[in-house]
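# Summary of the model geometry
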Amino acid sequence: MSTTTYDRPDRLTGWSTFAAVWLLIAGLFNVVDGLTAIHRSNQFASQLLLFSHANFWGWVILIVGILQVVAGFMVFSRNPSGNVIGVSVATFSMFIWFFLLFVAPVGALLAVVVNGLVIYGLTVGSEG
């Protein structure tokens, strides 16, 4: 009977650290934005939203932010599940920002590129 052990490096690679830091930064901003949208949903122009109400989008942003923070901490602790959660959340975020390219081109393009780098850092770049 053989057992398989996975060798974890003693420290994070540069790409993994980059991805974890950006997951934490984006997650904390999204938590604040989500809470603000929930608390002040009546001050947003809801008729301009394509789907639902600002309160709904506040909850979506809040949940994504919490997942990003959790994934960032899990990557820092070298938990492989953190990479899976981080890649999933970054992919979802990249997908959403892609649709905002014509609304806020500079910010959306920057977000798409950074999410792509986070995905790279959690997949290929974490093997270092």
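Reference entry: report on the structure contained in this document. (Residues numbered from 1 in each chain as written. Predicted model: local features only at pLDDT ≥ 70, side-chain atom pairs only at ≥ 80, totals over all residues. Heavy atoms only, no water.)

At their nearest, the axes of helix α3 (residues 80–98) and helix α4 (residues 105–122) sit 9 Å apart, and the two run at 160 degrees to each other. Between α3 and α4, the crossing angle belongs to the class labelled roughly antiparallel. Both α3 and α4 take part in a crossing whose hand is left-handed. Residues N83, G86, V87, A90, T91, S93, M94, W97 and F98 of α3 lie in contact with α4, whose contacting residues are G107, A108, A111, V112, N115, G116, V118, I119 and L122. Here the residues of the contact of α3 with α4 are counted per class, giving 11 nonpolar, 7 polar and no charged. (Axes fitted to C-alpha atoms, helices over the stretch in contact; angles between N-to-C directions. Helix = DSSP H or I, 4+ residues; strand = E, 2+ residues; numbered from the N terminus. Parallel < 35°, antiparallel > 145°, perpendicular 65-115°, else oblique. Left-handed = near helix turned anticlockwise from the far one by under 90°. Contact = heavy atoms within 4.5 Å. Nonpolar A, V, L, I, M, F, W, Y, C, P; charged D, E, K, R; others polar.)

Looking at the element boundaries, Q68 is found in helix α2 (residues 54–76). A polar contact of 2.7 Å, which involves the side chain of Q68, links it to the side chain of N30. Dropping the residues within four chain positions of it, Q68 is found in contact with L23, L24, A26, G27, N30 and V89. (Polar contact = N/O pair within 3.5 Å; in protein donor to acceptor, adjacent residues only side chain to side chain.)

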